[in-house]
Amino acid sequence: MLQTALDIQTIRKDFPILNREVNGQPLVYLDNAATSQTPQQVIDAIVDYYHRYNANIHRGVHSLSQEATDAYELARQKIQKHFNIGKTHEVIFTSGTTHGINLVATGFTSFLKKGDEIMVSAMEHHSNIVPWQMLCERTGATLKVIPMNLDGELIMEEYHRLLNDKTKLVFCNHVSNALGTINPIEEIIDAAHKVGAAVLIDGAQAAAHIKADLQALDVDFYTVSAHKMCGPTGVGMLYGKEEWLKKLPPYQGGGEMIAEVTFEKTTYADLPHKFEAGTPNICGGIAFGAALDYMENIGFDAIAQYEDELLQYATKQLLTIEGLRIYGTAKHKTSVISFNIEGIHPYDIGTILDKLGIAVRTGHHCAQPIMDFYKIPGTVRASFSFYNTQEEVDKLVEGVKRAKKMLL
Amino acid sequence: MSIQEIQEEIVDEFSMFDDWMQRYEYMIELGKSLPLIDGQYKTEDNLIKGCQSKVWVHAELDGDKLVFTADSDAIITKGIIAILIRAFSNQKPQDIIDADTAFIDEIGLKEHLSPTRANGLVSMIKQLKLYAVAYQTQLN
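Thresholds, definitions, all that
Residues numbered from 1 in each chain as written. Chains lettered and ligands numbered in written order. Predicted model: local features only at pLDDT ≥ 70, side-chain atom pairs only at ≥ 80, totals over all residues. Helix = DSSP H or I, 4+ residues; strand = E, 2+ residues; numbered from the N terminus. Buried ≥ 20, exposed ≤ 12 C-beta atoms within 10 Å, placed from the backbone. Contact = placed C-beta atoms within 7 Å. Axes fitted to C-alpha atoms, helices over the stretch in contact; angles between N-to-C directions. Parallel < 35°, antiparallel > 145°, perpendicular 65-115°, else oblique. Nonpolar A, V, L, I, M, F, W, Y, C, P; charged D, E, K, R; others polar. Domains from an automatic or database assignment. Expected span 1.5 Å × (residues − 1). Arc of directions from axis to C-beta. Core = buried A, V, L, I, M, F, W, Y, C linked by C-beta atoms within 7 Å. Pairing = 2+ DSSP bridges.

### What to know about the overall build of chain B
In step 1: The number of helices and strands found in chain B is 6 helices and 3 strands.
In step 2: Listing the helices and strands of chain B from first to last along the sequence gives α-α-β-β-β-α-α-α-α.
In step 3: In terms of overall dimensions, chain B has a C-alpha envelope of 45 × 30 × 30 Å along the principal axes.
In step 4: Relative to its 140 residues, chain B shows a buried fraction of 34%.
In step 5: In chain B, the share of contacts with a sequence separation of at least 24, taken over all contacts with a separation of at least 6, comes to 66%.

Dropping the structure here:
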């Protein structure tokens, strides 16, 4: 048995979906890196909002509007506290990580010129590649890539070599979605700052496993999605240092983000509202706060420790299967295992596992450059959360063995 | 045999299986045993890009009948292709155009025909029918 301070069986009772069956089998949900499941406490927060105080925020004089505004702003404060952000108005609500990245990438259009360089890591999700390529097309800046080694670790010597006074912006994920690698973002941020470059860290895959201290990191931008950390889809946060958020132009025009509007000129609202045009995902923001409460209550240290045990156990068990290769063998990893079995297409394994009630992700994981690097069409990815059990890992291993027997 | 008769035959074969395991094992066997496509036709032009598995389809006329060959890099997909080829290949283009694919549902493989399933099969059936339309025009 794995050693953990967490009472996993009690925790599992918080997640109604874990009781359901898929294809006649009890669900084994191992696609947590795509989206995490939602505890009853968060579902209750969503229901409570619509039952009791659904109203538009920041403008109504009536009580419901005030209650909704208070709850939404309280959620912002919870996010601020969780990520140790200096000022509440440095927390921008977004629709998710992709939105946060696009907001910054679009804003940087006016700061870059031909000859400038921006840098991305070799293990990014497409959402942290494409917006920057679009930025390069708009500005004439050049995109440089920090390479990685076969273990799926960034080659930091190359990073330091690539950095120069033309580098204006570096963006990298905190954790790779396809490989689980935890990147050395402290070193990345410090070195970038030494040449005067700003840094955006995509925290989407890290947020459920690592409690990032954004002031200590001294990062310029950090962005996450609530649905990867027990919250609902369609909401996330972008942290930006105040000085950057003041400099960046608004991303979208609309209500909420203005101070005064005439047909001659509009002045923009103060932070954070300058970047929050239109009616936001109010319920989602509140539920995001509830999700942070939930995870904080369990404790991020305990979560990280238990997930690491699951990772070690699953890695060891899967490697007993002949022909199985794991992609992403970095020393520092979250609980993600990407693998293939020699001679079998990942899609086939995923299909058989689904028949056994086991949910994994197969394919290129929106990270085609990584698949090209390993010269594979994709992988099977099992990603574990704190509500997964050792027995579920065993079911995965048995399922993979069964699939292998059928398919080879 | 007509497309309808072949489809009924396939449904009969699959009705002998008790559970999904046997159905999938049979499909995997079909996928493994069929030499599907000549290497020269595995070109970018003949590739139907599903999200995850690659599917190639080639068509040519043999008299007034259309002959399909196809392949995939995923074996389950290949098995389903083998079933589709058996039902639709060596048939008149107009019959292919008119044929429906409900038998896939009847043999318990409905999930593979969902348009949101990332296996390229829906695109593949569409492609078979497009070939049929093109060759029907040629025959006319």
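Still to come is the rest of the account.
### Some words on unusual backbone geometry
Residue and element names in this part refer to chain A.
In step 1: Here the residue pair Leu271 and Pro272 is connected by a cis peptide bond, since its omega of 0° sits within 30 degrees of zero.
In step 2: You can see Pro272 is positioned in the loop between strand 12 (266-268) and helix 10 (282-298).
In step 3: Unlike most non-glycine residues, Cys230 shows phi in positive territory, near 75°.
In step 4: Of note, Cys230 is situated in the loop between strand 9 (221-225) and strand 10 (236-240).
In step 5: Residue Cys230 is classed as buried on the basis of its C-beta count, with 29 C-beta atoms lying within 10 Å.
In step 6: Phi angles above zero are rare outside glycine, and His365 is one such case at about 55°.
In step 7: In this fold, His365 is placed in the loop between strand 16 (361-363) and helix 13 (368-374).
In step 8: For His365, a count of 23 C-beta atoms within 10 Å gives the class buried.

### A closer look at the packing of helix 2 (residues 20-33) of chain B against helix 3 (residues 75-88) of chain B
Two measures define how a pair of helices packs: the angle their axes make with one another and the distance between the axes.
Residue and element names in this part refer to chain B.
In step 1: Across the interface, helix 2 lies against helix 3 with an axial gap of 7 Å and an inter-helix angle of 80°. In terms of their interaxial angle, helix 2 and helix 3 are classed as roughly perpendicular. For the pair formed by helix 2 and helix 3, the contact residues are Tyr24, Met27, Ile28, Leu30, Gly31 and Lys32 on the first element and Ile75, Ile76, Lys78, Gly79, Ile80, Ala82 and Ile83 on the second.
In step 2: Among the residues making up the contact of helix 2 with helix 3, the classes are represented as 9 nonpolar, 2 polar and 2 charged.

### Quick notes on the domain arrangement of chain A
Residues and elements named next belong to chain A.
In step 1: Along its sequence, chain A is organised into domain 1 (8-30 + 299-407) and domain 2 (43-296).
In step 2: Contact residues are listed per partner, giving 21 residues for domain 1 and 22 residues for domain 2.
In step 3: Ranked by residues supplied to the side of domain 1 that touches domain 2, first place goes to helix 11 (residues 300-318) with 4 residues.
In step 4: Residue classes in the side of domain 1 that touches domain 2 are distributed as 11 nonpolar, 7 polar and 3 charged.

### Comments concerning the environment of Gly363 of chain A
All names here are of chain A.
In step 1: Following the sequence through the fold, Gly363 ends up in strand 16.
In step 2: Exposure remark for Gly363: the 21 C-beta atoms within 10 Å place this residue in the buried category.
In step 3: Taking the C-alpha atoms as reference, Gly363 lies 6.9 Å from Tyr347; in sequence the two are 16 residues apart.

### Points about the interface of chain B and chain A
In step 1: Of the residues lining the interface, 14 residues belong to chain B; the matching set on chain A comes to 12 residues.
In step 2: Among the residues making up the side of chain B that touches chain A, the classes are represented as 8 nonpolar, 4 polar and 2 charged.

### Topic: helix 2 of chain B
In step 1: The end-to-end C-alpha distance of helix 2 of chain B, which contains 14 residues, comes to 20 Å, matching closely the 20 Å that a straight helix rising 1.5 Å per residue would cover.
In step 2: All buried positions along helix 2 of chain B are accounted for by Tyr24, Met27 and Gly31 of chain B. Projected down its long axis, helix 2 of chain B shows its buried positions confined to an angular sector of 60°, all on one face. Seen from the open side of helix 2 of chain B, the exposed residues pointing more than 90 degrees away from its buried face are Gln22 and Ser33 of chain B.
In step 3: Contacts made by the buried residues of helix 2 of chain B are with helix 12 (346-355) and helix 14 (390-407) of chain A together with helix 3 of chain B.

### Thoughts on the nonpolar core
In step 1: Among the nonpolar cores identified, the biggest contains 151 residues, and Val199, Ile286 and Ala291 of chain A are the most heavily contacted of them.
In step 2: Leave out the neighbours within four places in its chain, and Val199 of chain A touches Val170, Ile188, Ile189, Ala192, Val219 and Asp220 of chain A.

### What about the sheet that holds strand 7 (residues 167-173) of chain A?
All names here are of chain A.
In step 1: Overall, mixed pairing links the 7 strands, which are arranged 4-10-9-8-7-5-6 in an open sheet. Only two strands of the sheet have a single neighbouring strand rather than two, namely strand 4 (91-94) and strand 6 (142-146). Each strand axis lies, on average, 20° off the axis of its neighbour in the sheet, ignoring direction.
In step 2: With 5 bridges connecting them, strand 5 (residues 117-121) and strand 6 associate as parallel partners. Within strand 6, the residue paired with Met119 across the bridge is Lys144.

### What about the sheet that holds strand 14 (residues 336-341) of chain A?
All names here are of chain A.
In step 1: The strand order 13-14-17-16 describes an open sheet built from 4 strands, whose pairing is antiparallel. Of all the strands in the sheet, just strand 13 (324-327) and strand 16 have a single pairing partner and so form its edges. On average, each strand axis in the sheet is tilted by 30° relative to the strand beside it, whichever way the strands run.
In step 2: Sheet analysis places strand 16 next to strand 17 (residues 379-383), joined by 3 bridges and oriented antiparallel. Residue pairing for strand 17: Gly363 is matched across the bridge by Thr379.
In step 3: Contacts between helix 11 and the sheet are confined to strand 13, strand 14 and strand 17, with strand 14 contributing the most and set at about 10° to the helix.

### As for the pairing of strand 10 of chain A
It is a general feature of regular strands that their side chains alternate between the two faces of the sheet.
Residue and element names in this part refer to chain A.
In step 1: Counted residue by residue, strand 10 has 5 buried out of 5 residues, so it is predominantly covered.
In step 2: Of the two faces of strand 10, the one lined by Gly236, Leu238 and Gly240 and the one lined by Met237 and Tyr239 are each fully buried.
In step 3: Where strand 4 and strand 10 come together, 4 bridges link them in antiparallel fashion. The residue of strand 10 that forms the bridge with Phe93 is Met237.
In step 4: In this sheet, strand 10 lies alongside strand 9 in antiparallel orientation, the contact comprising 5 bridges.

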